Amino acid sequence: MIRALNRMTRIASRMGCCAALALLLVSVSCNDSSTTTPAAGGRKTIAVIPKGTSHVFWKSVEFGARKAGKELDVDIKWDGPPTEAERGTQIRIISDMQSKGVDALVIAPLDNTAITAAMEGAAKKMPVVVFDSGSTFKDYKAFVATDNFQGGVLAAQQMLKVLPKDKDIYLAVVRYDSASDSTLQREKGFLTTIEAAKDPRIKEVFDKQYAGDSADKATTLMANMLQAHKEINAVFASNESTTRGALGALDKAQLLGKITFIGFDSSPQLVEAFEKGQIQALVLQDPIKMGYLSVKAAVASLKGEKVDKEQPISPTLVTPENKDKPEIQQLLKPKFD
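For clarity, every value in this text was computed on a predicted model and none was experimentally measured.

Asks: What's the story with the overall build of the protein chain in this structure? I'm lost.
Replies: Scanning the protein chain from terminus to terminus reveals 11 helices and 12 strands. The proportion of buried residues among the 337 residues of the protein chain is 49%. Taking contacts inside the protein chain between residues at least 6 apart in sequence as the whole, the part at least 24 apart equals 70%. Accessible surface computed for the protein chain: about 16700 Å², of which carbon and sulfur atoms make up 53%.

Structural data, given as structure tokens:
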């Protein structure tokens, strides 16, 4: 009798262990299911890679991208080179983003050829949206950028309008970078319009040199141009850093307010100079809209929705006459709220 009871106890104990093990396996299975299901079909992650991160322009792009991310319920991974000269860094970031398992790539290539292979590799794995500046890479789902050629046209038209009527004009163009498609298009639009006007006031145009990726380099270039050509009395600069650099050189030469100066883009320093009459006009982009539309295009592509491949954004010419309009003030002094 005692042996029988002991045997029954051992059997019950084993059955209890088996039952406990079964319950544990079910629990683990349930827990695994709850953690893996959202990753498989839940929130997507969009990588946004600007040309650089130091300029005010890119901070505005980031705000627009994050605004779209919040509205569309996707995560935004924002990373870019500290300066706009670091091609290798941008290529590395593209690779890093893929390693992190992002679902789509949104990028502003800082070189029109050097980044192409990296973007082509990414496009084999995920949708790629290009913004701000074009390149030889064409397998993008969307290209979201300012109509840069038209921006140059607007600058040239305003230059011709405000140049002194009774002076010979010697015009300096402070160019940015020979590998930057966006600024090349602006410079092309500007120079094409100036040449087509055949304005007898314009005696010479100095436009053969590129400043490079920083305001300091643009200051040096502008100072050298003024030294070599003391007759310069009009200046066009094609982006924020060249405009800021030219501003510094003209200030040091005590020429601000004495020459016609038209720039591109916005920053607190440029807005202050514009409001003082030291810059006669600025051509502005809408970087918040650019970041917003780029992320929106990436998410739509992930969903299999129809996406317009070319999405140009019209530039805006800001002059003393229209600067107080609310929509112009938002471009001059963007509010991140």
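Asks: What's the story with the pattern of salt bridges in this structure? I'm lost.
Replies: Any two side chains of opposite charge can pair, given that their charged atoms come close. Using the criterion set out here, one finds 18 salt bridges in the structure. A salt bridge links R87 to D111; the nearest nitrogen and oxygen atoms lie 2.5 Å apart. One end of the pair, R87, is in helix α3 (residues 87–99); the other, D111, is in the loop between β3 (104–107) and α4 (116–123), with 24 residues separating them in the sequence. In this structure, a network of salt bridges that share partners links the residues R43, D73 and D75.

Asks: Please clarify how the nonpolar core should be interpreted in this entry.
Replies: In summary, soluble globular proteins display a tendency toward joint burial of nonpolar side chains. One finds V174, M222, V235, F261, I279 and L332 to be the most contacted residues of the largest nonpolar core, which totals 30 residues. Listing elements by their share of this core, those giving two or more residues are β6 (169–174), α7 (215–228), β8 (234–237), α8 (240–252), α9 (268–275), β10 (281–284) and α11 (326–332). Counting residues in hydrophobic clusters, the runner-up holds 23 residues, among them V48, W58, W78 and A298.

Asks: Honestly, the sheet that holds strand β4 (residues 128–131) in this entry has me stumped. Any pointers?
Replies: Across a sheet, strands are paired by hydrogen bonds formed along the backbone, either parallel or antiparallel in direction. One open sheet accounts for 6 strands, arranged β2-β1-β3-β4-β5-β11; its pairing is parallel. The outermost strands of the open sheet, each flanked by one partner alone, are β2 (75–78) and β11 (310–313). Adjacent strand axes in the sheet meet at a mean angle of 15°, parallel and antiparallel pairs treated alike. Both strand β5 (residues 142–146) and β11 contribute to a ladder of 4 bridges, which runs parallel.

Asks: Would you mind showing me how to read the packing of helix α2 (residues 56–72) against helix α10 (residues 287–302) here?
Replies: Helices that pack against each other are described as a pair by the angle of their axes relative to one another and the distance between those axes. Interaxial distance between α2 and α10 falls to 6 Å at its minimum, and their mutual angle equals 40°. Here α10 runs oblique to α2, going by the angle between their axes. In this structure, the crossing between α2 and α10 has a hand that is right-handed. Contacts between α2 and α10 pair F57, S60, V61, F63, G64, A65, K67, A68, G69, E71 and L72 from the former with P287, I288, M290, G291, Y292, V295, K296 and V299 from the latter.

Rules of the game
Residues numbered from 1 in each chain as written. Predicted model: local features only at pLDDT ≥ 70, side-chain atom pairs only at ≥ 80, totals over all residues. Heavy atoms only, no water. Helix = DSSP H or I, 4+ residues; strand = E, 2+ residues; numbered from the N terminus. Buried < 20%, exposed > 50% of the residue type's maximum accessible area, 1.4 Å probe, protein only. Contact = heavy atoms within 4.5 Å. Areas by Shrake-Rupley, 256 points an atom, 1.4 Å probe, with all protein chains shown as cover. Salt bridge = Lys/Arg side-chain N within 4 Å of Asp/Glu carboxyl O. Core = buried A, V, L, I, M, F, W, Y, C linked by side-chain atoms within 4.5 Å. Pairing = 2+ DSSP bridges. Axes fitted to C-alpha atoms, helices over the stretch in contact; angles between N-to-C directions. Parallel < 35°, antiparallel > 145°, perpendicular 65-115°, else oblique. Left-handed = near helix turned anticlockwise from the far one by under 90°.

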